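Observations on the model geometry
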Amino acid sequence: AQRVTQPEKLLSVFKGAPVELKCNYSYSGSPELFWYVQYSRQRLQLLLRHISRESIKGFTADLNKGETSFHLKKPFAQEEDSAMYYCALKGREYGNKLVFGAGTILRVKS
Amino acid sequence: NAGVMQNPRHLVRRRGQEARLRCSPMKGHSHVYWYRQLPEEGLKFMVYLQKENIIDESGMPKERFSAEFPKEGPSILRIQQVVRGDSAAYFCASSPLQAGAHEQYFGPGTRLTVT
């Protein structure tokens, strides 16, 4: 079965501090992992995906198959990063559907 | 491109009534996905449709829920005889292709409240 766990409901950091949003997954095959973000009053949008190996808005995420994790990191948080972040998994054996974690609210304080 | 459109944005229904949620995918997209988000939970997959075809309905409750994506017009998620437990945010997403790395683009959601 596919499962995505985001252990923190809320993460509160000061501006300029490093950020790490945790994501662990359970899946026996080769997953595709994604991070989606929802800013206040906006729709859910893709932030980054592991196969692209890119950095978006200073965020990076590395797929660690040994630890089955896909943590989202940013070295210096900015106030505009405050949002809800969802980790999601797509398993090729299960078609196109995304399996989402419960989400983590990131609050960046000035 | 206006993006994925959903309407209504908010829908209030009494127990026993029917709820119809509409989703217009992005221009050029022929694949639609419906997800439900209950309070304090993540989005949960319900159904994946192509034009005139249901590809995967493994997340749909067995009764009262149905979905369609006709050749013309929006995709419809229909909930018959709603109950309080159906209160949730319902999100639609669309993508242009079935396979590959194409992302799903999400609509703003419909918030259903059953009184």
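Procedures and definitions
Here, residues in each chain are numbered from 1, in the same order as that chain's written sequence. A letter from A marks each chain and a number from 1 marks each ligand, given out in the order of writing. At least 70 in pLDDT is required for a residue's local features to be given in this predicted model, at least 80 for side-chain atom pairs to be given and counted, and no such filter applies to totals for whole chains, interfaces and linings, which use all residues. Hydrogens and waters are ignored; side-chain quantities use all the structure's heavy atoms. Working definition: helices are DSSP H or I runs of at least four residues, strands are E runs of at least two. Numbering for both runs from the N terminus. Radius of gyration here is computed from C-alpha atoms only, and the compact-globule reference equals 2.2 Å multiplied by the residue count raised to the power 0.38. The criterion used for residue contact is that any of the two residues' heavy atoms lie within 4.5 Å. Only the protein chains shown count as cover for residues, and all accessible areas are computed by the Shrake-Rupley method using a 1.4 Å probe. By definition, disulfides here are pairs of cysteine sulfur atoms that lie within 2.5 Å. Burial status follows relative accessibility: with a 1.4 Å probe on protein chains alone, a residue under 20% of its type maximum counts as buried, one over 50% as exposed, and anything between as partly exposed. Here, a salt bridge means any Lys or Arg side-chain nitrogen found within 4 Å of an Asp or Glu carboxyl oxygen. By the convention used here, strands pair only if DSSP detects at least 2 bridges between them. Geometry is summarised by axes, namely lines fitted to C-alpha atoms with helices restricted to the contacting stretch, and by angles between N-to-C directions that run from 0 to 180 degrees. Buried area is a sum: the accessible area each of two parts loses on coming together, probed at 1.4 Å, counted once for each and added. In the analysis that follows, any N or O atom pair within 3.5 Å is treated as a polar contact, provided that within protein one partner can donate a hydrogen and the other can accept it, and provided that, for residues neighboring in sequence, both atoms belong to side chains. Within 6.5 Å between ring centres, the rings of Phe, Tyr and Trp (the latter by its six-membered ring) count as paired, and their orientation is classed by plane angle as stacked under 30 degrees, edge-to-face over 60, tilted in between. Here, a charge over a ring means that NZ of Lys or CZ of Arg falls within 6 Å of the ring centre while also lying within 35 degrees of the ring normal.

Quick notes on the overall build of chain A
When helices and strands are tallied, chain A shows 0 helices and 11 strands. Relative to the globule expectation of 13 Å for 110 residues, the C-alpha radius of gyration of chain A, 13 Å, shows essentially globular dimensions. The C-alpha extent of chain A, read off along each of the three principal axes, is 45 × 30 × 25 Å. For chain A, contacts bridging at least 24 residues in sequence account for 59% of all contacts bridging at least 6. If you sum the accessible surface of chain A, you get close to 5700 Å²; carbon and sulfur atoms cover 48% of it.

Focus on the state of the cysteines
On inspection of all chains with the given rule, the structure shows 2 disulfides over all chains. What pairs with Cys23 of chain A in a disulfide is Cys87 of chain A, and their sulfur atoms sit 2.0 Å apart. Across the disulfide from Cys23 of chain A to Cys87 of chain A, rotation about the S-S bond amounts to roughly -65°, and the bridge is consequently left-handed. In this pair, Cys23 of chain A is assigned in the loop between β3 (19-21) and β4 (24-26) and Cys87 of chain A in strand β9 (residues 83-91), connecting sequence segments 64 residues apart. Here Cys23 of chain B connects covalently by a disulfide to Cys92 of chain B, the sulfurs 1.7 Å from one another. Taking the sign of the S-S torsion, -50° for the link of Cys23 of chain B and Cys92 of chain B, the bridge is left-handed. Here Cys92 of chain B lies in strand β9 (residues 88-95) and Cys23 of chain B lies in strand β3 (residues 19-24), a separation of 69 residues in the sequence. Since its relative accessible area comes to 0%, Cys23 of chain B is described here as buried. Take Cys92 of chain B: its relative accessible area is 0%, and that puts it in the buried class.

Let's talk about the pattern of salt bridges
For the structure shown, the criterion picks out 9 salt bridges over all chains. Linking Lys74 of chain A and Asp81 of chain A is a salt bridge whose minimum nitrogen-to-oxygen distance equals 2.9 Å. The salt bridge partner of Glu41 of chain B is Lys44 of chain B, with a shortest N-O separation of 3.4 Å. Assessed through its relative accessible area of 47%, Lys44 of chain B is described here as partly exposed.

Quick word on the sheet that holds β3 of chain B
Residue and element names in this part refer to chain B. As summarised here, the arrangement of the 4 strands in space is β1-β3-β8-β7, forming an open sheet in which the pairing is antiparallel. The open sheet terminates on both sides in strands that have one partner only, identified here as β1 (5-7) and β7 (65-68). Each neighbouring strand pair of the sheet contributes to a mean axis angle of 15°, computed without reference to strand direction. Pairing of β1 with β3, which is carried by 3 bridges, proceeds in the antiparallel orientation. Each bridged residue has a counterpart across the sheet, and for Asn7 the counterpart in β3 is Arg22.

Quick notes on the interface of chain A and chain B
Taken together, the contact pairs 18 residues of chain A with 25 residues of chain B. Between chain A and chain B the total buried area reaches about 1600 Å² when both faces are included, carbon and sulfur atoms providing 46% of it. Of all residues in chain A, Arg43, Asn96 and Lys97 of chain A bury the most surface against chain B, accounting for 37% of the area lost on that side. Arg49 of chain A serves as the salt-bridge partner of Glu103 of chain B, at 3.7 Å between the closest nitrogen and oxygen. Counting across the interface, chain A meets chain B through 5 residue pairs in polar contact (both at pLDDT 80 or more).

Concerning the sheet that holds β3 of chain A
Residue and element names in this part refer to chain A. Taking strand neighbours across the sheet as the criterion, the 3 strands line up as β3-β8-β7 in an open arrangement whose pairing is antiparallel. One side of each edge strand has no neighbouring strand; the edge strands of this open sheet are β3 and β7 (60-61). Looking at chain direction, β3 and strand β8 (residues 72-74) are connected through 3 bridges and run antiparallel. Residue pairing across strands places Val19 opposite Lys74, the latter belonging to β8.

Digging into the packing of aromatic side chains
What the rule picks out here adds up to 10 aromatic pairs over all chains. Taken together, the ring pairs in this structure connect Phe34, Tyr36, Tyr86 and Phe100 of chain A together with Tyr35, Phe45 and Phe106 of chain B into an aromatic cluster. When the ring centre of Phe14 of chain A is taken as reference, the NZ or CZ atom of Lys109 of chain A above it lies at 4.4 Å.

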